[in-house]
Amino acid sequence: MSKTPILATSVLASLSAAAAQVPAAEAPPPMMMSAAACPGPDAGITLSKGFCATVFADNIGHARHLVVAPNGVVYVNTWSGRYYKDDSPPAGGFLVALKDTKGAGKADVIERFGKTAAQGSAGGTGIQLYNGSIYAEVNDKIVKFPAVSGGIVPKGKPQVVVSGMPLTGDHPMHPFIIDSKGNLFVDLGSATNACEVQNRMPKSPGNTPCTEKDTRAGTWRYDANKTGQQFSPKERYATGIRNGEGFAIDSDGRLYVTQHGRDQLSENWSALYKPQEGPELPAEEVFELKSGADFGWPECYFDGSQKKLVLAPEYGGDGGKKVGLCADRSPPAAFFPAHWAPNDLLFVTNTKFPAAYRKGMFVAFHGSWNRAPAPQGGYNVVFQPMADGKASGNYVVFADGFAGAVKEPGRAEHRPSGLAQGPDGSIYISDDVKGRIWRVTYRGVADAAKVTAAPAPKPTAEASGSELPPEGVHPDAGRQAAALTPPPGATRDQVALGDRIFHGEAANGTCGGCHGSDGRGSPVGPDLVTGKWLWSDGSLDGISKTISTGVAKPKTVGGAMPPNGGAALKPDELKAVAAYVYAISRKKTAQ
């Protein structure tokens, strides 16, 4: 896990120069810099040599992006709503202020502010500091709170800086950054996977032209010094960015943004892509943002093995050979493995941090849901060495172990989402599953550090497979079929075949690509293990009918399901998949 031949680029956000304008009410606790063992209990993650982590805060809600004020107070934006299955957020506002008054690496003062769920807020992702004020995404708005004066949270009511940003479709979040001149750059993610006539449906052509790009799939620019601005197409700064979650400005003032690459190349275009190509295409990207640039979505995607933009199948692509209009689109500044989901970027500029790690960028990967039948990937923080704004070597995994036993979105213990640097040389990592914040510090001599990879996390019982039944696994089972009870009217052999089809190991099955290889759901496919049925009574016949008919207009997720999941299933294969889905929804150990 230490290195990969895939290069990455210059992308990442330091604490904006604007953040330095926040008044320092008091000095933060000193950072320990002597070479010593990490103090305190294990923080649950592995780190590059010489670094230590503490759990700075926990259970604060779905923590997305965060920033650190010059006085050491950490501000976090948390999110809820349909993206998190409308669960119950912690009481109070969605914005959280955290302070460590004892220098113990743990926040002992925690205060919430901003609108609550009862007041109609679902929180958000983006948060920044500029000219002494806290700026935060709240639903369809970016608001500005007055400067903090006494205490750690603002007292006055916020003003609306920008309103009317779209909330529909696949990517309803609005991350943003503010540069030293007051330019506010905000991401508007795409509403669809690839601007198809029918979103995420097999062989559906792309809309020509893709008018969605007028109001989505790009970066918009506003003035952070003004209030009352309204979202409209005319403020678009750059386009062709499917979902730009993380922004950063490097030490030379270059602005970068990540992209979550498109999904379902092999699932929706099985005649052009082999099942094993789905997990590897397209690469995740980082772009250097420039006014008027078009980075290619939806007509193009970046093939990491060919290191070039190629034509998407919705727009006449042939599986990776044709380039067409993509020759005129802007290529990425860096790229990473497919579907890892880069959620934030960070350039560390604080001279208290090791010099070797100031010559590159950190990238927080939220983790994949759609790499089946291959193992899921990401769920880590990597460091990419940089020189002159370009990748200067292979990235290394800087922090790992966030997911715990299983790298699956439905079972991961934690998923990295945000990165920020503190004034004392520390960096902070947020998690949007259980709301954990880690504080990472270096314990050695700063200029003596060399970039090294974090040790691989130790395997747990679940990850190693020791939870399997003592009688072993059925020889035809891809994973767990021997431990499942077949439904009435089906056999264990059928459940085992359904397992293999579900995971793309037979009949070109596509199920795991949307529902997750553990069946626990994803942003585009519902959870199948809860036993909650929306389209049938949950019987074997009912499940079979739903699979064969498909779901054109889903009730709870963003992705439609084509008939048979887009695969050409024979009647016996359809029954096998239905039997497997029935079994995992009523999972019991085989007797």
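Look a little higher up for the structure.
Cut-offs used in this document
Residues numbered from 1 in each chain as written. Predicted model: local features only at pLDDT ≥ 70, side-chain atom pairs only at ≥ 80, totals over all residues. Heavy atoms only, no water. Buried < 20%, exposed > 50% of the residue type's maximum accessible area, 1.4 Å probe, protein only. Helix = DSSP H or I, 4+ residues; strand = E, 2+ residues; numbered from the N terminus. Pairing = 2+ DSSP bridges. Axes fitted to C-alpha atoms, helices over the stretch in contact; angles between N-to-C directions. Parallel < 35°, antiparallel > 145°, perpendicular 65-115°, else oblique. Contact = heavy atoms within 4.5 Å. Nonpolar A, V, L, I, M, F, W, Y, C, P; charged D, E, K, R; others polar. Expected span 1.5 Å × (residues − 1).

### Notes on the pairing of strand β12 (residues 183-188)
So, step 1. Taking burial as the measure, the six residues of β12 include five buried ones, the bulk of the element.
So, step 2. By the bridge criterion, three bridges tie strand β11 (residues 176-178) to β12 in an arrangement that is antiparallel. Counterpart to I178 in the pairing with β12 is L184.
So, step 3. Linking two consecutive strands that pair antiparallel, namely β11 and β12, is a turn of four residues; a positive phi of about 90° is found at G182 within it.
So, step 4. Pairing geometry for β12 and strand β13 (residues 218-223), over six bridges, is antiparallel. Residue pairing across strands places L188 opposite G218, the latter belonging to β13.

### Notes on the packing of helix α3 (residues 492-502) against helix α6 (residues 571-585)
So, step 1. Contact pair α3 / α6: the axes reach a minimum separation of 7 Å and the direction vectors enclose 95°. One finds that α3 runs roughly perpendicular with respect to α6. Only E573, K575, A576, V577, A579, Y580, V581 and A583 of α6 make contact with α3, whose side of the interface consists of Q494, V495, L497, G498, D499, I501 and F502.
So, step 2. Partitioning the contact of α3 with α6 into residue classes produces 10 nonpolar, two polar and three charged.

### Quick notes on α6
So, step 1. An ideal rise of 1.5 Å per residue puts 21 Å on 15 residues; α6 measures up with 21 Å between its terminal C-alpha atoms.
So, step 2. Among the 15 residues that make up α6, 12 are buried, leaving the element largely enclosed by the rest of the structure.
So, step 3. Taken as a whole, α6 has its buried residues at E573, L574, A576, V577, A578, A579, Y580, V581, Y582, A583, I584 and S585.
So, step 4. In this fold, the buried residues of α6 make contact with α3, α4 (511-515) and α5 (540-549).

### Here's the deal with unusual backbone geometry
So, step 1. Residue P209 follows T208 across a cis peptide bond; omega there is 0°.
So, step 2. Of note, P209 is situated in the loop between β12 and β13.
So, step 3. The residue after W297, namely P298, is reached through a cis peptide bond having omega 0°.
So, step 4. Its place among the elements puts P298 in the loop between β18 (284-288) and β19 (300-303).
So, step 5. Unlike most non-glycine residues, N59 shows phi in positive territory, near 55°.

### Let's talk about the pairing of strand β4 (residues 74-79)
So, step 1. Most of β4 sits inside the fold, with six of its six residues counted as buried.
So, step 2. A two-sided burial pattern is seen for β4, the buried positions comprising V74, V76 and T78 on one face and Y75, N77 and W79 on the other.
So, step 3. The sheet contact formed by strand β3 (residues 62-68) and β4 spans five bridges and is antiparallel. Residue pairing in the sheet places H62 in a bridge with W79 of β4.
So, step 4. In this structure, the hairpin formed by β3 and β4 is closed by a connection of five residues, where G72 is found at a positive phi of approximately 90°.

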